[in-house]
Amino acid sequence: MAEWWAGLSAQFDLNFIQKDRWLSLLRGLENTLLITFFAAIIGILLGIIVAAVRTTYDNNGENMKYQKSIGYYILGFFNVICKIYLTIIRGTPVVVQLLIIYFIIFANSTNDILVATLAFGINSGAYVAEILRGGIMAIDKGQFEAGRSIGFNYLQTMIYIIIPQVFKNVLPTLLNEFIVLLKETSVAGYVGIMDLTRAGNSIRGVTFSAFMPLIAVALIYLVIVMLLTWLVGKVERRLRKSER
Amino acid sequence: MKKIIALIMVVAMIASVAALAGCGNSNTAATEAPKPVLTMATNASFPPYEMKEDGENVIGIDAEIAAAIADKLGMTLEIVDIEFGAIIAGVQSGKYDMGMAGMTVTEERLESVNFSTTYATGVQVIIVPQGSEIKSFDDIKAGEYKVGVQLSTTGDIYATDDLADSKSEVVEYETGNDAVAALASKKVDAVIIDNEPAKSYVAANDGLVILDTDYVTEEYAICVAKENTELLDKINAALKDLIADGTVKKIVDKYITAG
């Protein structure tokens, strides 16, 4: 037992204390959080835009087509763009997207973290868009009709009646998406970014011990996700108060 | 009836666990079996030492020397392509019999595994774009540059150590190819990598040159788990013969012309 303990503490010393290796984990964590946070923001913005275009088209397309308004063609055009975006992003692995953006699209950029943030944000946006669209479509059609019948226009119905309900409904799924996003950033190492996973791998590469660095990295991810879950749980409880 | 079925299942489970445990044991005794398998772990992105032909079979200097060794030992060679950083841990745990990936003997690595005699000499060089202001490693150390390396390779280890107090930073890529691609698009200012793959990379990319001043000279060897001294002795004996009869030189010359 004592021997086992001594071995473990020697491993701990080798993997984290010597040459201040824990510092690289800290820097990696910083990059991971940075990328995840801003990618989530980009994802939400993109998601809202795409979901708005897609649902507006689905809800009003028929009507506008009947009226032969010019808006129908503009909306239809953006709807097609959004559909292409969703197909490409959801149809290819995030690592491949990251490599394409890093080595081809932004080949001349030297700000690695910004490029990675964009890549993950663009990726996340597609999933957020579909989550939001699902949330909007799940609201009973009667609510749209009720809104319209009391004199709201389409936008007002959306803002005052639909969106507040959508937000409450999609929160758990959105959280899920951001948890996935956080963990997906672990492939940022592919483009030479020192994220949390890569920091662990780097330590592994010089100390040749798998246990300590990997478990440490796993624990850090786990703690972040647990914190996030707890936080969103609180928000959900607050939102549910209005239901009574 | 149910009890009988449960009993049969318990027996089956115990038997399967025992069979699995047996597998673990047979690994060490594998060398005595009629035509045993010699598993070699490598990272096939290090031309000309190891690379993948048509994306499937691993070829290169290491693969051919390993095949020659396996031949001498009367074993069948099986090559596994894994991440470079995972090779030593895999060999250490007995998952693979040996690791051969243009691997340099370092003190840190010697703490985890044993190394055979060297079969090739590698030189770490610095690749820069044509007309770069970097003329030697000292320039990198004095200035503020980004240096691309392949994760966990000797170039990475040396550069990370040497640049620890410098303003320049080391950027670690998954493969040497990625590091060179980053250099070609000016994401990094220099790439430190082994001489032989460096030549292939420079030949494939216009506007890149290898600096005349070498960074580090190192010797490549095969790593074997510490407990497995029997295999190490056999490999060393085989290598000795292969070096003596010129097979190793022939293989190296085949891949590296006018070295």
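Participant: Explanation requested: the overall build of chain A in the structure shown.
Facilitator: The helix and strand inventory of chain A stands at nine helices and zero strands. Sequence-ordered secondary structure for chain A, helices as α and strands as β, is α-α-α-α-α-α-α-α-α. Here chain A holds 244 residues, and 33% of them are scored as buried. In chain A, 77% of the contacts between residues at least 6 apart in sequence involve partners at least 24 apart.

Participant: Explain the overall build of chain B to me, please; I cannot follow it from the model alone.
Facilitator: In terms of regular secondary structure, chain B is built from 10 helices and 13 strands. Counting over 259 residues, chain B shows a buried share of 44%. Within chain B, counting contacts between residues at least 6 apart in sequence, those at least 24 apart form 71% of the total.

Participant: What's the story with the interface of chain A and chain B in this structure? I'm lost.
Facilitator: How big an interface is tends to be stated in terms of accessible area lost as the parts join. Each partner contributes to the interface: chain A provides 15 residues, whereas chain B provides 20 residues. Partitioning the side of chain A that touches chain B into residue classes produces six nonpolar, seven polar and two charged.

Participant: Sorry if this is basic, but what is going on with the packing of helix 1 (residues 2–17) of chain A against helix 9 (residues 211–240) of chain A here?
Facilitator: Geometry of a packed helix pair, given as the angle between the helix axes and the separation of the axes. Residues and elements named next belong to chain A. Their axes nearest at 9 Å, the elements helix 1 and helix 9 cross at an angle of 70 degrees. It follows from the interaxial angle that helix 1 and helix 9 lie roughly perpendicular. Crossing of helix 1 over helix 9 shows right-handed handedness. Across the interface between the two elements, Q11, F12 and N15 from helix 1 touch F211, M212 and P213 from helix 9.

Participant: How do you make sense of unusual backbone geometry when you look at a structure like this?
Facilitator: Leaving glycine out, the prevailing phi sign among residues is negative, and the prevailing peptide bond configuration is trans. Residues and elements named next belong to chain B. Of note, the phi angle at S152 is positive, near 70 degrees, even though the residue is not glycine. If you trace the backbone, S152 turns up in the loop between strand 8 (146–150) and helix 6 (154–162). On the basis of neighbour counts, which here come to 22 C-beta atoms within 10 Å, the residue S152 falls in the buried class. Located in the positive-phi region is K186, a residue other than glycine, with phi close to 60 degrees. By secondary structure assignment, the location of K186 is in the loop between helix 7 (176–184) and strand 10 (190–194).

Participant: Got a minute to help me understand the packing of helix 2 (residues 21–67) of chain A against helix 7 (residues 154–184) of chain A in this structure?
Facilitator: Residue and element names in this part refer to chain A. In contact at an axis separation of 11 Å, helix 2 and helix 7 are set at 135 degrees when each is read in the N-to-C sense. Comparing their axes, helix 7 and helix 2 come out oblique. When the axes of helix 2 and helix 7 are compared, the crossing they make is right-handed. Contacts between helix 2 and helix 7 involve T36, A39, A40, G43 and N60 from the former and Y154, F178, L181 and L182 from the latter. Considered class by class, the residues forming the contact of helix 2 with helix 7 number six nonpolar, three polar and no charged.

Participant: What's the story with the confidence of the model for chain B in this structure? I'm lost.
Facilitator: For any part of a model where pLDDT is low, the fine detail of the predicted coordinates should not be relied upon. Model confidence for chain B is summarised by a mean pLDDT of 85, while 89% of its residues fall at 70 or above. Scored below 50 in pLDDT, residues 24–33 of chain B makes six contacts in the model with residues more than four places away or belonging to other chains.

Participant: What exactly am I supposed to notice about the sheet that holds strand 1 (residues 37–42) of chain B here?
Facilitator: Strands belonging to one sheet form pairs held by backbone hydrogen bonds; the direction of such a pair is parallel or antiparallel. Residues and elements named next belong to chain B. Read from one edge of the open sheet, five strands run 4-1-5-13-6, paired in mixed fashion. Two strands lie at the open edges of the sheet, namely strand 4 (76–81) and strand 6 (113–115), each paired on one side alone. As paired elements, strand 6 and strand 13 (residues 223–225) share three bridges and run antiparallel to each other. Paired with N114 across the bridge in strand 13 is V224. Here helix 2 (residues 61–73) sits on the sheet in contact with strand 1 and strand 4, set at roughly 150 degrees to strand 4.

Participant: Before we go on, may I ask you to explain the pairing of strand 10 of chain B in this structure?
Facilitator: It is a general feature of regular strands that their side chains alternate between the two faces of the sheet. Residue and element names in this part refer to chain B. Along strand 10, five of the five residues are buried, which leaves the element largely enclosed by surrounding structure. With four bridges joining them, strand 7 (residues 120–129) and strand 10 adopt antiparallel strand pairing. Counted as the bridge partner of I126 is I192 from strand 10. Direction of pairing for strand 8 relative to strand 10: parallel, over a ladder of two bridges. Within strand 10, the residue paired with G148 across the bridge is V191.

Participant: It is not clear to me how the pairing of strand 8 of chain B should be interpreted in this structure. Could you clarify?
Facilitator: Residues and elements named next belong to chain B. For strand 8, the tally of buried residues reaches five of five residues, placing the bulk of the element in the interior. Taking every second residue as pointing to the same face, both faces of strand 8 are buried, with K146, G148 and Q150 on one and V147 and V149 on the other. By the bridge criterion, five bridges tie strand 8 to strand 9 (residues 169–173) in an arrangement that is parallel. Along strand 9, the bridge assignment pairs K146 with E169. Following the backbone out of strand 8, through helix 6 and into the adjacent parallel strand 9, one traces a crossover that is right-handed.

Participant: Sorry if this is basic, but what is going on with helix 1 of chain A here?
Facilitator: The α-helix winds at 3.6 residues per turn, so residues separated by three or four positions along the chain end up facing the same way. Counting buried residues along helix 1 of chain A, only one of its 16 residues qualify, which leaves the element largely exposed. At the C-terminal side of helix 1 of chain A, K19 of chain A shows a positive phi close to 55 degrees.

Participant: What is the right way to read helix 7 of chain A from this model?
Facilitator: Residue and element names in this part refer to chain A. For helix 7, built from 31 residues, the straight-helix expectation of 45 Å at 1.5 Å per residue is missed by more than 12%, its first-to-last C-alpha distance being only 37 Å. Roughly 50 degrees is the biggest bend found in helix 7, and it falls at L171, with proline P172 one to four residues downstream. What helix 7 keeps buried is the set T157, M158, V166, V170, L174, E177, F178, L181 and L182. Contacts from the buried residues of helix 7 go to helix 2, helix 5 (112–138), helix 6 (141–149) and helix 9.

The rules we used
- Residues numbered from 1 in each chain as written.
- Chains lettered and ligands numbered in written order.
- Predicted model: local features only at pLDDT ≥ 70, side-chain atom pairs only at ≥ 80, totals over all residues.
- Helix = DSSP H or I, 4+ residues; strand = E, 2+ residues; numbered from the N terminus.
- Buried ≥ 20, exposed ≤ 12 C-beta atoms within 10 Å, placed from the backbone.
- Contact = placed C-beta atoms within 7 Å.
- Nonpolar A, V, L, I, M, F, W, Y, C, P; charged D, E, K, R; others polar.
- Axes fitted to C-alpha atoms, helices over the stretch in contact; angles between N-to-C directions.
- Parallel < 35°, antiparallel > 145°, perpendicular 65-115°, else oblique.
- Left-handed = near helix turned anticlockwise from the far one by under 90°.
- pLDDT = per-residue confidence, 0-100.
- Pairing = 2+ DSSP bridges.
- Right-handed = clockwise from strand over helix to strand, strands pointing away.
- Expected span 1.5 Å × (residues − 1).
- Bend = angle between axes of the 7 residues up to and from the residue.

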